[in-house]
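# A look at the structure
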Amino acid sequence: MLFSWLRTAGRLPLPARSFSNVATASSAKLQEQALEEKCILVNDSDQATGSASKRDCHRVDPDGNIRLHRAFSVFLFNSAGDMLLQRRSVEKITFPDCYTNACCSHPLYDIEGEREELNALGIRRAAQRRLNYELGIPMAQARPENFHYITRIHYADRGDGTWGEHEIDYILFLQKDVDLKPNDSEVSEVRYIPRSGLTDAIARLDAPLTPWFRLILQHRLQLWWDNLPNLKQYENHKQIERF
């Protein structure tokens, strides 16, 4: 597996690194262990109804159903307005080796602070934790108050028929220059892309997009991106959007 980072400024790649079979096995073990983390189950109105393991929340049952749970998607922009795109590790259980936005994960039921619903504080705390874990962003560079919570999206995708997604997804924007040290077991590539080069950059990707990123790209991303300094006008915290 190769790890590369393409910087928009000067478009300079980082040195490529290869990984041994031992490292790959270790990454796969970490992904398997993560399946035991507990997600927050919700109903169609995003009211918490209990918890279930990440494994149980992403398994497609024989009838094609997937348990609805709470999630978040972070879109990260630098001070120049370029957006960070990540490529998921091939060891990921759901949608491996797909391109997506900066960070996509879940608040955990067993972390009390991530169950806090007021002002989506639990979601923001979870986003801070995962940005640190996946991309190595120091906690001080992505504090809960730094995230701009825009809206929630309810979507489902059966994936490969065994593993899929069914989430109420909180959309968070973060515009800040940050330090990156991606976690090899989670991410195989990161790059910043400019707004003006979005269409070409997506067309040139040699792997598919995750379903949530594809939906947001199709329906909302370009509008939000064009209005980074004025996102408050697009906040929708009362309704859950369904595509």
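This structure is a prediction, so every number in the text was calculated from the model and none was measured. (Residues numbered from 1 in each chain as written. Predicted model: local features only at pLDDT ≥ 70, side-chain atom pairs only at ≥ 80, totals over all residues. Heavy atoms only, no water.)

### A closer look at the pairing of strand β8 (residues 148-157)
Regular strands have side chains that alternate between both faces of the sheet. The buried fraction of β8 is high, at 7 of 10 residues. As paired elements, β8 and strand β9 (residues 165-175) share 9 bridges and run antiparallel to each other. Bridge pairing in β9 places Tyr 149 opposite Leu 172. Across 3 bridges, β8 lies against strand β11 (residues 240-242) in parallel orientation. Bridge pairing in β11 places Arg 152 opposite Ile 240. (Buried < 20%, exposed > 50% of the residue type's maximum accessible area, 1.4 Å probe, protein only. Helix = DSSP H or I, 4+ residues; strand = E, 2+ residues; numbered from the N terminus. Pairing = 2+ DSSP bridges.)

### Quick word on the pattern of salt bridges
Throughout the structure, instances matching the rule amount to 17 salt bridges. Across the pair Arg 87 and Asp 97 runs a salt bridge whose closest N-O atoms are separated by 2.8 Å. With Arg 87 in strand β5 (residues 83-88) and Asp 97 in the loop between β5 and β6 (99-100), this residue pair connects regions lying 10 residues apart in the sequence. Asp 97 gets classed as partly exposed once you look at its relative accessible area, which sits at 25%. In this structure, Arg 87 engages Glu 189 in a salt bridge whose closest nitrogen and oxygen atoms are separated by 4.0 Å. Of the two residues, Arg 87 is situated in strand β5 and Glu 189 in strand β10 (residues 187-193); the sequence distance between them amounts to 102 residues. Taken as a pair, Arg 87 and Glu 189 share a single burial class, namely buried. Through salt bridges with shared partners, a single ionic network connects Arg 87, Asp 97, Glu 189, Arg 191 and Asp 206. (Salt bridge = Lys/Arg side-chain N within 4 Å of Asp/Glu carboxyl O.)

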